[in-house]
Amino acid sequence: MTEQDIKQESSQSTIKKGIRQHIRHDTVGWKLFLAYDIFMMFIIVFNLFCLCANAFLMSNFGNWFFETIHLPQVLQFYKSDLHPWVIKTESWFITFLIAELLIRWFFAIIYKHHARWFFFPFIHWYEILAISPYLRFLRLIRAGIIAYRFHEMGYKVVPDSIMNRVLFYYGVVMEELSDRVVLTVIDGVKQELDTSSSHKKIIHDLVNHHRDIFAKAIAEVLQESLATELKAQRQLITHNVGQIVRQAIEDTPQLTQLLRLIPIAGGMIENQIQNIGQQLGENITQGLIQPLTEGSVDNPNATYQLISTKLSQLNIENQSLEELVESVVYESLESLKKQVAVKQWQLELNKNDQAEK
């Protein structure tokens, strides 16, 4: 199966589901389809019940049980008269399942139920395996699927309490299996990083692969935080810089002494120079801040983009930087491992227990 085939199959399944939801339930074809599903579910359950009863009656435990209740003649009657019929009907049932499967496959090809004609046995793998006498229990999957289909249609074959319980334990099994797989993969990655001589190359490749994303993130952070703060503090910064320039002029003794040599107008000139210096400092500061406040988070200004690009291109061939990156990688794996170790089904179970109290 190619990826395109899988997507096509998924698309067709979605379309079929939508058609099934809007199909009329009062047509003869629909009633026949419903009756056939009920019939199949019934005979599958009945067949498995007969096989389980046969296994019990033909076992040593069955002999002991009937001897205990003093009905050995009943067991003997079953072995002599009924047991051969159970074996014969099982052979008939297997033949029926094979014929029924082939007919459904034929109709699936004719009406193009699947993207490729050979998809049918892969999708219905459990039915094929269930034909084997050693895998009879897989027939329950088909019965369960039919029951679930009825449940989707609004026919509550299985009570909601049982359905919720089944879905809960199904979730438990799937979560435990997926957790085992994820934890094994994480442990394998950590072991590879610990033992492999090329783990530094792996980390370097990881960093190099994310340099562009890192640069974009830095530019957005600078634009969102620094530019916003500069806008808010612009007046205060410019005023402070102007005061610093004014104070610097006042603290220049050579200029003060020179202006004092000018009679009468010296003080006025000194005051004007201080005002001009203050205004000049404020204007220069405004000019420096203005480019840093332009742009947006989606499109940071050129200065922030340049800064972020330079930072992202830092050479990590440095022991401190390598240790930092390794620490981030290891702690990320450990955090992921802790998160996976949390049993969601157990939290849900505790929540339900508290709700019942």
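Residues numbered from 1 in each chain as written. Predicted model: local features only at pLDDT ≥ 70, side-chain atom pairs only at ≥ 80, totals over all residues. Heavy atoms only, no water.

## Side note on the overall build of the protein
Here is step 1: When you go through the protein residue by residue, the secondary structure sums to 15 helices and zero strands.
Here is step 2: Long-range pairs, those at least 24 residues apart, make up 71% of the contacts in the protein with a sequence separation of at least 6.
Here is step 3: For the protein, the accessible area works out to roughly 24,800 Å², and carbon and sulfur atoms hold 65% of it. (Helix = DSSP H or I, 4+ residues; strand = E, 2+ residues; numbered from the N terminus. Contact = heavy atoms within 4.5 Å. Areas by Shrake-Rupley, 256 points an atom, 1.4 Å probe, with all protein chains shown as cover.)

## Concerning the packing of aromatic side chains
Describing an aromatic ring pair means giving the distance of the ring centres and the angle of the ring planes.
Here is step 1: Under the counting rule described, the total for this entry stands at 16 aromatic pairs.
Here is step 2: The interplanar angle of 10° and the centroid separation of 6.1 Å between the aromatic rings of Trp-105 and Phe-120 together place this pair among those described as stacked. Taken together, the residues Trp-105 in helix H4 (residues 72-110) and Phe-120 in helix H5 (residues 119-123) connect sequence positions 15 residues apart.
Here is step 3: By relative accessible area, which is 23% here, Trp-105 ends up partly exposed.
Here is step 4: Clustering of aromatic rings is evident, with ring pairs tying together Phe-56, Phe-61, Trp-64, Phe-65 and Phe-66.
Here is step 5: A cation sits over an aromatic face here: Lys-88 above Trp-85, 4.9 Å from the ring centre. (Phe/Tyr/Trp six-rings, centres within 6.5 Å; stacked < 30°, edge-to-face > 60°. Buried < 20%, exposed > 50% of the residue type's maximum accessible area, 1.4 Å probe, protein only. Lys NZ or Arg CZ within 6 Å of the ring centre and 35° of its normal.)

## Some words on a nonpolar patch on the surface
Here is step 1: Side chains of Phe-61, Trp-64, Phe-65, Ile-69, Leu-71 and Val-74 sit close together on the surface and give an oily, nonpolar patch of about 540 Å² of accessible area.
Here is step 2: When residues in the nonpolar patch are grouped by element, the largest group, three residues, is from helix H3 (residues 60-68).
Here is step 3: Within the element layout of this structure, Val-74 appears in helix H4.
Here is step 4: Residue class for Val-74 comes out partly exposed when judged on its relative accessible area of 38%. (Patch = residues over 30% accessible without salt bridge, like charges linked within 9 Å, V, L, I, M, F, W, Y side chains within 5 Å. Salt bridge = Lys/Arg side-chain N within 4 Å of Asp/Glu carboxyl O.)

## Some points on the packing of helix H10 (residues 211-250) against helix H13 (residues 302-312)
Here is step 1: Two elements in contact, H10 and H13, have axes whose closest approach is 8 Å; the angle formed by their N-to-C orientations is 140°. Compared by their axis directions, H10 and H13 come out oblique. You can see that H10 and H13 cross each other, and the crossing is right-handed. Contacts from Arg-211, Phe-214, Ala-215, Ile-218, Ala-219, Leu-222, Gln-223, Leu-226, Ala-227 and Leu-230 of H10 reach H13 at Tyr-304, Gln-305, Ile-307, Ser-308, Thr-309, Leu-311 and Ser-312.
Here is step 2: By residue class, the composition of the contact of H10 with H13 is 11 nonpolar, five polar and one charged. (Axes fitted to C-alpha atoms, helices over the stretch in contact; angles between N-to-C directions. Parallel < 35°, antiparallel > 145°, perpendicular 65-115°, else oblique. Left-handed = near helix turned anticlockwise from the far one by under 90°. Nonpolar A, V, L, I, M, F, W, Y, C, P; charged D, E, K, R; others polar.)

## Considerations on the nonpolar core
Here is step 1: By size, the foremost hydrophobic cluster in this structure holds 14 residues, and its most contacted members are Met-40, Met-41, Ile-44, Phe-93, Ile-146 and Phe-150.
Here is step 2: Among the elements that take part in this core, helix H2 (residues 28-57) stands out by supplying seven residues, more than any other.
Here is step 3: The contact partners of Phe-150, leaving out residues within four places of it in the chain, are Leu-34, Asp-37, Ile-38, Met-41, Tyr-155 and Val-157. (Core = buried A, V, L, I, M, F, W, Y, C linked by side-chain atoms within 4.5 Å.)

## Remarks on the side chain of Glu-282
Here is step 1: Mapped onto the elements of the fold, Glu-282 is located in helix H12 (residues 265-293).
Here is step 2: One buried charged residue, Glu-282, forms no salt bridge at all, with the nearest opposite charge on Arg-246 at 8.5 Å.
Here is step 3: Leaving out residues up to four positions away in the same chain, Glu-282 has contacts with Thr-238, His-239 and Gly-242. (Lys, Arg positive; Asp, Glu negative; His and termini not counted.)

## What to know about the side chain of Glu-175
Here is step 1: Within the secondary structure, Glu-175 sits in helix H8 (residues 160-195).
Here is step 2: Judged by relative accessible area, Glu-175 falls into the buried class, the value being 14%.
Here is step 3: What Glu-175 contacts, discounting residues up to four positions off in sequence, is Val-342, Lys-343, Gln-344 and Trp-345.

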